[in-house]
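Chain by chain, the residues run as shown.
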Amino acid sequence: MAASAGEGGVGEVGRRTVMRDAGIRDAEMRGARGRDAVARGARGRVPVRVAGIAAALCVVAALPAQAWAGPADGPRDLPRYKAAEDAKKIKGALSSGDGPEIRPGVYSDTIGKGEKKYYSVSLDAKSAAFLSAVAAPEPGAQVQTVGEGLELSLQAVDGSPCDGSARPDFSGDGSAYAIADYAARVVGADDECQKAGPYLFSVERVGGDTSNPARWPLEIRYMSEPPVKGPLPSAPTGNGAGDDPPAALSGSAKRRAHGGTGFNDAGAVSEGVWKDRIRPGETRFYRVPVDWGQRLNAAVELSSVTYTEDFPPTVYNGLGLTAYNPARGRFDDESFVSYTPDKSAQAVAYTPVVDFGNRFADEGSDAALAGWHYLAVTVSPKAGQVIKGTAPLTLRIDLKGKAKAGPGYEGDAAAAGFGVSDQDREQAEKGQNAADGQRSGTLMTVAYAGIGTGTALILALVLWTLVARRRAAAGAAEAPAGETPPGPPVGGGLHTAPGQGRPGTAPAWPEPQQPHGEYRTQQFHDPRRQ
């Protein structure tokens, strides 16, 4: 019996303990469900516009860095020159009297062997005009080493030539690559082209009797420079034209450059040592912001590669470097050097000081414009005999001289493509091309707009809360004695402490549970029922 009573006593206590624990767990589950409901309600009250802004900002923050992909191996799939996305198709006339009119902007055309194409342009009496042409034959196509290229000319309709003509040609080893230059009308120069009126711009394909007869894509760009306020600056006494290049910038490559196929997708680089990769037959373009008073000192190195033969061959004109000004005018110091696989080759470019008056100087007239300067690096297809795939390329970019203020323009020179901005310098530091820079600026604009909208919403919410509190306080002050002003709707307003809610309201979250030892007291002794 004792044993039975003891077992019964233990069983009763056990049942009570189980019931107590079950009640506690049930209460805890109800509390958890209540907290989940409150949390879901809070998440559901997030304004949709605020959530959209947060998502936009997350997209900006998670934007991947510019990825670099090395060119594919093989000479047959060399990248072609990338034309400007906004280039307008045009067909130059074979007769001077039928040339289509071009205005400031970019145009695309083609030209065949021996053709001369005409375009008409209207010039005022105050703005300088720079009309460039880029010939972009298939990379590696056969051309004459000397004499084949373009001849550019600007003339009045009466046949009077302007002084700013040009003849870009190939300087490599008989293989084609993109070439460019411009014809110009410079205001204040001692030539015939100073009056306002119609003019003719012509592009002629010259030489190449035995070269590839395929038509060449042409990219024509017309840049109009705003006039300068006041008297024109005179030619400087010395601009460094013809100076020997100084020593190249020392140090090892720290950053990755992203060379493009031409002027439109050229990768930006700033002062420093950059690295890239290039393959035989390829031309890669880079751009550098050069301001007034500065000059560009650039050197590119094609690294050595593994070669197992006893006598490595020499690739004549294996590495080339060509520098261009912001209007795509080619500097005279084009450099092509030989390459052997057992040692690196270096080509250099050293431009005169950028000065507005250089356009009136006997030498260095191409250094008269501040803005993006371009470097075209070419590796001969014959280097494919010793370079399998790609080879390392090092760019050493140095700016000599201190940047200074340029002339005072009557119009917006930066919008016309002349000058250096803080955004240009930032793009150069990041190694961005023009499309990347524009995309980055657009995303930042969206981000700032989102932040501004989010801030306005937060301020509106704070103002609404203050007004609601003041109205509630005013209602409490005006209520008759013995009455309680109406509270906020169930689930709204400020949270109240458990057991202290006003009549007609419910706690915003379940009451916290007491320790297990006080469960019975909590269950049968609720202070709110006193």
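How each quantity is defined
Residues numbered from 1 in each chain as written. Predicted model: local features only at pLDDT ≥ 70, side-chain atom pairs only at ≥ 80, totals over all residues. Heavy atoms only, no water. Phe/Tyr/Trp six-rings, centres within 6.5 Å; stacked < 30°, edge-to-face > 60°. Helix = DSSP H or I, 4+ residues; strand = E, 2+ residues; numbered from the N terminus. Buried < 20%, exposed > 50% of the residue type's maximum accessible area, 1.4 Å probe, protein only. Lys NZ or Arg CZ within 6 Å of the ring centre and 35° of its normal. Pairing = 2+ DSSP bridges. 1 Å grid on protein atoms, 1.4 Å probe; cavity = no way out; pocket = protein on both sides within 12 Å on 5 of 7 lines; lining within 4 Å. Points joined across faces, edges and corners; volume = space filled by probe spheres on them. Polar contact = N/O pair within 3.5 Å; in protein donor to acceptor, adjacent residues only side chain to side chain. Patch = residues over 30% accessible without salt bridge, like charges linked within 9 Å, V, L, I, M, F, W, Y side chains within 5 Å. Areas by Shrake-Rupley, 256 points an atom, 1.4 Å probe, with all protein chains shown as cover. Salt bridge = Lys/Arg side-chain N within 4 Å of Asp/Glu carboxyl O. Lys, Arg positive; Asp, Glu negative; His and termini not counted. Charge placed at Lys NZ, Arg CZ, Asp CG, Glu CD. Contact = heavy atoms within 4.5 Å. Core = buried A, V, L, I, M, F, W, Y, C linked by side-chain atoms within 4.5 Å. pLDDT = per-residue confidence, 0-100.

What follows covers the packing of aromatic side chains. How two aromatic rings sit relative to each other is given by the distance of their centres and the angle of their planes. A complete count under the given rule lists 9 aromatic pairs for this structure. Between Tyr177 and Phe336 the ring centres are 5.9 Å apart and the planes differ by 35°, which places this aromatic pair in the tilted class. Here the residue Tyr177 occupies a position in the loop between strand S5 (149-156) and strand S6 (179-185), and Phe336 occupies one in strand S15 (residues 335-339), the gap between them amounting to 159 residues. Accessibility assignment for this pair places Tyr177 and Phe336 in one class, buried. Here the aromatic residues Phe170, Tyr177, Trp216 and Phe336 are joined through ring pairs into a cluster of three or more. When the ring centre of Trp372 is taken as origin, the NZ or CZ atom of Arg287, which lies over that ring, is 3.9 Å away.

Now for the sheet that holds strand S17 (residues 371-379). By definition, the strands of a sheet pair up through backbone hydrogen bonds, in either a parallel or an antiparallel sense. In space, the 5 strands of this open sheet follow the order S10-S12-S17-S14-S15, with mixed pairing throughout. Strands with a single pairing partner mark the edges of an open sheet, and in this sheet they are strand S10 (267-268) and S15. In this structure, strand S14 (residues 315-324) lies alongside S17, joined through 6 bridges in antiparallel fashion. The residue bridging Leu321 from the neighbouring strand is Val377, located in S17.

Next up on the list: empty space enclosed by the protein. In this structure the tally under the stated criterion is 3 cavities of 30 Å³ or more. Counted as a void, the largest cavity has a volume near 130 Å³. For the largest cavity, the lining is made up of 15 residues, of which Pro79, Tyr81, Pro139, Thr261 and Thr283 are closest to its centre. Its volume calculated, the second largest cavity comes out at about 70 Å³. For the second largest cavity, the lining is made up of 14 residues, of which Tyr177, Thr378, Val379, Ser380 and Pro381 are closest to its centre.

Bringing the side chain of Arg396 into the picture now. In this fold, Arg396 is placed in strand S18 (residues 391-400). Polar contacts involving the side chain of Arg396 include one to the main-chain carbonyl oxygen of Leu249, which spans 3.0 Å. A polar contact is formed between the side chain of Arg396 and the side chain of Glu301, at a distance of 2.6 Å.

A separate point is a negative patch on the surface. Negative charge collects at one region of the surface, where Asp158, Asp163, Asp190 and Glu192 lie side by side. Structurally, Asp190 can be placed in the loop between S6 and strand S7 (197-206). The class of Asp190 is exposed, set by a relative accessible area of 76%.

Here the focus is the side chain of Asp265. Locating Asp265 in the fold gives a position in the loop between strand S9 (255-256) and S10. Despite its burial, Asp265 pairs with no opposite charge, the nearest such side chain being Lys82 at 5.1 Å. Here the side chain of Asp265 touches Thr261 through a polar contact of 2.9 Å, landing on its backbone nitrogen. The contact partners of Asp265, leaving out residues within four places of it in the chain, are Lys82, Gly260 and Asn433.

Moving on to the nonpolar core. Generally speaking, a soluble globular protein has its nonpolar side chains buried in company with each other. Residues Phe130 and Ile397 are the most contacted members of the largest nonpolar core, which totals 48 residues. When residues in this core are grouped by element, the largest group, 5 residues, is from S18. Aside from chain neighbours lying at most four places away, what touches Ile397 is Leu249, Val269, Ser270, Glu271, Gly272, Trp274, Val288, Leu296, Asn297, Ala298 and Leu375. Among the nonpolar cores identified, the runner-up in size contains 32 residues, and Ile102, Tyr107, Leu123 and Leu218 belong to it.

Another point: the pairing of S18. For a regular strand, the rule is simple: side chains alternate between the two faces of the sheet. Of all 10 residues that make up S18, 8 are buried, and the element is covered over most of its length. When strand S11 (residues 272-278) meets S18, the two strands line up antiparallel, connected through 7 bridges. Among the inter-strand pairings, Lys275 is bridged to a residue of S18, identified as Thr394. As judged from the 8 bridges shared by strand S13 (residues 295-302) and S18, these two strands associate in the antiparallel manner. When the bridges of S18 are listed, Arg295 appears paired with Lys400.

If you trace the 5 strands from one edge of the open sheet to the other, you get S1-S2-S8-S4-S6, paired in mixed fashion. Of all strands in the sheet, those with a lone pairing partner are strand S1 (88-89) and S6, marking the two edges. Taken together, the 7 bridges between strand S2 (residues 105-111) and strand S8 (residues 216-225) define a ladder with antiparallel strand orientation. In the sheet register, Asp109 faces S8, and the bridge partner there is Leu218.

What the rule picks out here adds up to 21 salt bridges. Where salt bridges share partners, they join Asp77, Asp276, Arg279, Glu282 and Arg284 into one cluster.

Further remarks concern the environment of Ser175. Structurally, the position occupied by Ser175 is in the loop between S5 and S6. Note: C-alpha distance between Ser175 and Glu138 (37 residues apart in sequence) is 9.4 Å. In contact with Ser175, not counting residues within four places along its chain, are Gly140, Ala141, Val143, Phe170 and Pro381. Side chain to side chain, Ser175 and Asp173 meet in a polar contact 3.4 Å long.

This brings us to the confidence of the model for the protein. Summing up the model confidence of the protein, the mean pLDDT is 78 and the portion of residues at 70 or higher is 68%. Predicted confidence is poor over residues 1-20, with pLDDT under 50, and the contacts of this stretch with residues over four places away or in other chains come to 3 contacts.

When you line up the elements, Asp163 lands in the loop between S5 and S6. Taking relative accessible area as the criterion, Asp163 reaches 53% and is therefore assigned exposed. Along the primary structure Asp163 and Glu192 are separated by 29 residues, whereas in three dimensions their C-alpha atoms are 8.3 Å apart. Residues contacting Asp163, with those up to four places away along its chain left out, are Asp190 and Asp191.

Counting buried residues in S7 gives 7 out of 10 residues, a clear majority hidden from the surface. Both strand S3 (residues 116-123) and S7 contribute to a ladder of 8 bridges, which runs antiparallel. Each residue of the ladder has a partner; that of Leu123, found in S7, is Gly197. As defined by bridge partners, S5 adjoins S7 across 8 bridges and the pair is classed as antiparallel. For Ala156, the partnering residue across the bridge sits in S7 and is Tyr199.

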